[in-house]
Every structure is written in structure tokens, then in C-alpha cells.
Amino acid sequence: MEKNKTNIVAIVTMCFIFAMISFVTNMAAPFGNIWGYKYDWAAMMGNMMNFAAYLFMGIPAGKMLLKVGYKKTTLIALAVGFVGICIQYLSSFEFLAGAAIFVYLLGAFVCGFCVCMLNTVVNPMLNLLGGGGNKGNQYIQIGGTLNSLTGTLTPFLVGVLIGTVSAETSMSNVAPLLFIAMGVFAVAFAIISFVNIPEPAKGRSEQKFEHSPWSFRHCVLGVIAIFFYVGIEIGIPSQLNFFLSDPNGNGAYPAGFAGAAAIGGAIAAMYWLLMMVGRFCSSLISGKVSTKAQMVTVSSVAILLLVVGIFLPKDIMVKMPGFISGQGFCMNEVPVTALLFVLCGLCTSVMWGGIFNLSVEGLGKYTEQASGIFMMMVVGGGIMPLIQDFIAKKLGYMPSYWLVVAMLCYLLFYALWGCKNVNKDIPVD
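Residues numbered from 1 in each chain as written. Predicted model: local features only at pLDDT ≥ 70, side-chain atom pairs only at ≥ 80, totals over all residues. Heavy atoms only, no water.

Asks: Break down the overall build of the protein for me, citing the residues and quoting the values.
Replies: When helices and strands are counted, the protein shows 13 helices and 2 strands. Taking 2.2 N^0.38 as the reference for a compact globule, 429 residues should give roughly 22 Å; the C-alpha atoms of the protein span a radius of gyration of 21 Å, in line with that estimate. Taking the principal axes of its C-alpha atoms as reference, the protein extends roughly 60 × 45 × 35 Å. By the burial criterion, 60% of the 429 residues in the protein qualify as buried. Sequence-distant contacts, at least 24 apart, represent 83% of the contacts inside the protein between residues at least 6 apart. Side chains of the protein carry 22 positive and 16 negative charges; the gap between the two charge centres is 9 Å. (Helix = DSSP H or I, 4+ residues; strand = E, 2+ residues; numbered from the N terminus. Rg over C-alpha atoms; globule rule 2.2 N^0.38 Å. Buried < 20%, exposed > 50% of the residue type's maximum accessible area, 1.4 Å probe, protein only. Contact = heavy atoms within 4.5 Å. Lys, Arg positive; Asp, Glu negative; His and termini not counted. Charge placed at Lys NZ, Arg CZ, Asp CG, Glu CD.)

Asks: Quick rundown of the packing of aromatic side chains? Include the residues and the values.
Replies: Taken as a whole and assessed by the stated rule, the structure comprises 21 aromatic pairs. Look at Tyr229 and Trp352: their rings are 6.2 Å apart centre to centre, the planes differ by 50 degrees, and that puts the pair in the tilted class. Taken together, the residues Tyr229 in helix H7 (residues 217-245) and Trp352 in helix H10 (residues 336-360) connect sequence positions 123 residues apart. Take Trp352: its relative accessible area is 6%, and that puts it in the buried class. Taken together, the ring pairs in this structure connect Phe227, Phe228, Tyr410, Phe413 and Trp417 into an aromatic cluster. The ring of Trp35 carries Lys38 above its face, with NZ or CZ at 5.7 Å from the centroid. (Phe/Tyr/Trp six-rings, centres within 6.5 Å; stacked < 30°, edge-to-face > 60°. Lys NZ or Arg CZ within 6 Å of the ring centre and 35° of its normal.)

Asks: I'd love a proper account of the environment of Ala19, names of residues and values included.
Replies: With respect to the helices and strands, the residue Ala19 is situated in helix H1 (residues 2-25). Among residues more than four places away in sequence, those in contact with Ala19 are Leu146, Asn147 and Thr150.

Asks: Outline the side chain of Thr73, supporting the account with residue identities and numerical values.
Replies: By the element assignment, Thr73 lies in helix H3 (residues 45-90). Judged by relative accessible area, which is 0%, Thr73 ranks as buried. A distance of 2.7 Å separates a polar side-chain atom of Thr73 from the backbone oxygen of Gly69. When near neighbours in sequence (up to four residues on either side) are disregarded, Thr73 contacts Met64, Leu65, Val68, Met117 and Val121. (Polar contact = N/O pair within 3.5 Å; in protein donor to acceptor, adjacent residues only side chain to side chain.)

Asks: Give a description of unusual backbone geometry that names residues and reports values.
Replies: Positive phi, close to 50 degrees, is recorded for Ala97, a residue that is not glycine. With respect to the helices, strands and loops of the structure, Ala97 is situated in the loop between H3 and helix H4 (100-129).

Asks: Tell me about a positive patch on the surface, residues and numbers included.
Replies: Residues Arg217, Lys292, Lys420 and Lys424 make up a contiguous surface patch of positive charge. Topologically, Lys292 is positioned in helix H9 (residues 291-311). (Patch = residues over 30% accessible without salt bridge, like charges linked within 9 Å, V, L, I, M, F, W, Y side chains within 5 Å. Areas by Shrake-Rupley, 256 points an atom, 1.4 Å probe, with all protein chains shown as cover. Salt bridge = Lys/Arg side-chain N within 4 Å of Asp/Glu carboxyl O.)

Asks: Any details on the pattern of salt bridges? Residues and values, ideally.
Replies: Under the definition given, this model contains 2 salt bridges. Note that Arg279 is salt-bridged to Glu233, the shortest N-O span being 3.6 Å. Separated by 46 residues along the polypeptide, Arg279 in helix H8 (residues 260-285) and Glu233 in helix H7 bring together distant segments of the chain. A relative accessible area of 11% places Glu233 in the buried class. Between Lys393 and Asp389 there is a salt bridge, and its shortest N-O distance comes to 2.7 Å. One end of the pair is Lys393 and the other is Asp389, both in helix H12 (residues 380-395) and 4 residues apart, which spans about a single turn.

Asks: Would you mind going over the side chain of Gln138 in detail, with residue names and values included?
Replies: With respect to the secondary-structure elements, Gln138 resides in helix H5 (residues 133-162). Overall, the relative accessible area of 12% leaves Gln138 in the buried class. Residues contacting Gln138, with those up to four places away along its chain left out, are Ser283, Leu284, Ser286 and Gly287.

Asks: Any chance you could break down a nonpolar patch on the surface for me, citing the residues and the numbers?
Replies: On the surface, Leu146, Leu149, Leu153 and Leu157 cluster together to form a nonpolar patch covering roughly 290 Å² of accessible area. Within the secondary structure layout, Leu149 lies in helix H5.

Asks: Lay out the packing of H7 against helix H13 (residues 397-418) with the relevant residues and their values.
Replies: Contact geometry for H7 and H13: axes closest at 9 Å, N-to-C directions at 150 degrees. The angle between the axes of H7 and H13 places the two elements in the roughly antiparallel class. Between H7 and H13 lies a crossing whose hand is left-handed. In terms of residue class, the contact of H7 with H13 is built from 20 nonpolar, 7 polar and 1 charged. (Axes fitted to C-alpha atoms, helices over the stretch in contact; angles between N-to-C directions. Parallel < 35°, antiparallel > 145°, perpendicular 65-115°, else oblique. Left-handed = near helix turned anticlockwise from the far one by under 90°. Nonpolar A, V, L, I, M, F, W, Y, C, P; charged D, E, K, R; others polar.)

Asks: With reference to specific residues and values, describe the environment of Asn248.
Replies: Here Asn248 shows up in the loop between H7 and H8. In the structure, Asn248 is positioned 211 residues away from Tyr37 in sequence and 9.7 Å away in space, judged by C-alpha atoms.

As C-alpha cells, then:
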């Protein structure tokens, strides 16, 4: 009975941490609207710095799990996150002038260290609490539901605070959101200090490891899949936000269209809302429907939605809900392409948990090391959207989505063939 109570507390705690990860990560793209207006190169750089931190912190974070445990790693991550948000807030001070953008990027990089450590903790913990397999995936999807809820709120709130991007728009416009983030980190630190979290890796730091996660083919291919997946997850709504918010008339609306940034933020928020819906539905069925079947289905559907959306003319419009300063909530006309891309949120919702679950299946004592490697590869969420943004600037918004289609094709390959564990002869106890 006591063990079940401990597990419930641990599950709730991990789900809360999962929510915080998206809250911090999803600030980068809408903040990019502010910096991208002033510096053409800066639109995706905050996102890039956030994810670049994973490359440096992924493997050290996995080692931290073995050395200091899950709880202490979480507390260190929360403290680092608080510092990162404070640095981003400093970029709103006018006396920094041209240096403000670099202060902001530093803050985004520090926040990246935080979310990397949190991700390293939460994914293996939920998978282990569920006992791996379909049940482990179900727990990850439950946490992912809350992750998507905060992911929905963040771009929406930024869009409301900014309204229409202009030369006067600065980080001071979004200061209330940064204060909220600071408060959440402080409260979370206090709560988790008193929560009892299981330590499945306790004692493993003294174990001798004859092999490594790199010895498992399905894990290696899964690492590549994670790299591409995060690029897909971030690239679809980020570029869609830029497409709808473009103040120069190169996107969905003519130059100077009132409330474009608010509409872009609201539509991007709907993508994350559908991710929440998808993860909630997956959490209900994952105990019975295999992870592999879910991955094959969503990868195929996402490819279809993107290809159709790429070819549709932008003047074919549909009404979707949005928020414009002075008008409140209202229905706004957006290209049908935006609707199709938003629907991809239902598909990408399943992918993170699905890939992680398939990749660590059968790894045993190598799970913590694998988690660190996976977190390192989350840098794909910075690199691939940056490449997509480069393509968008050279060729246009729609051609840039062919990169996303190519990455989805790899995920389909992984779900069909790459996820099979062909190294079952390696001892993992």
C-alpha cells in the first residue's frame, strides 16, 4: 500500500515536471517574433540556443542520474531554470541596447540546460513506474498531456501580450510571463524538496558496464528518430507562426495586417492544444494498442496532411479561433494550410513517448545512459528548425516543410522496421 502511494506521488510529480518543460521551451519561438523583427537572423536563434544546450548537457545529465539520483538532478535543474529565466528578463532593460539580444540568447541557453536535465529525469522515471512496454508508454503520454497543456498556453499568452509586432515591441512586453515562470520554478523547487521520489538508479554508478546503449541497434536508430522528431515537433508550429505573423507581407497576410502576431500565436497554440488532446487519447488506449501501431499510423497521417497543405494555395481560407487586442476572442480567416498543419499536432503528440518507449525497451541497466544520449539528440529541435527557417527565407514558407516530410518518412521507417531489438543476447541485468 505504501509503495502504491509513493508511486502515485512520484507519477504526479513527474507529470508536473513534464508540464514545466514545455512551458519553458515554448517561449522561444514566439519570443522570436520580437527579436526577428529587429534582427533578421534572430527569429529562430532563441530556439536554437535552447536546444543547443541539450548537446552539451545530455550525457552529463544521464551521468547525474547515476551519481546523485533523480531527485537531486531535478532540484539542480529547477535552480538552473530560475537563473535562465532571470537572465532572459534582464534582456528587457533598455540600457543594454544592442547587447540585449545576446543576453536573451544566453538566458535561452541556460534554460536549455534546465529542460535537458528535467527531460532526462522524467522520461525514464515514468517509463519505469509503468513497468516499460505499453504501460510505460501510457504513463509517458499522461505526462505528455500536461506538457502539451502548458505548450498550448505559452504561445497564446505571448501572442496576447505582444499583439502586433512593431519596432517598439520588446521583451518588456512579455515580462509578466517571465515573472510567472520564475514563480513556478521557485514553488516547484520547494515542493519537490519534500516529495519522496524513487531512485531506481541507486547503486548503479558502482556497477561495471560491459556494453552501452550504442550496442543496441534499435536504440541507435531511436536516437536518430528523436533528433528528427523534435525538429518536426518544433518546426511545424514555429514556421506556421512566422507564416501567419509575417509583418512584411510574405506570409499569409498583407504587410502591416493588424493583430497578425496574435493570430499566429493563437493558431500555434491550437497545435499544442491538439497535441494535448492526442496525448490524452493515447494515454487511454496505450495499454491495449501497441506503441508500434500508433507510431505507424500517426507518421503516415502527418505526411499526408503536410503534403496536401504544401500544395494548397494560401488564398483558400477557413475560419479558426484567435485573439486580437481590442476585439477579444474572435474567428479569424486563415489559409486552410494552417488548419492542416495544426492537425499534425494530433500526430506528433504520440511520437515522443512512442520513440522513447520503443528505443529503451530491453535496455535494463543501460536505461539511464540511454536517456542522457536521447536528451543530447534533442538538439535536433534547434538544428532542424534552423535549417527549415533558412529554407523558408530562401525558397518560401511552404517549400521549407519538405524537410519536415523527409524527417517523418524516417520515423515511419523506424516504426515499421528500425525499432526491432535484434540484440537480445546482450545481458542487461
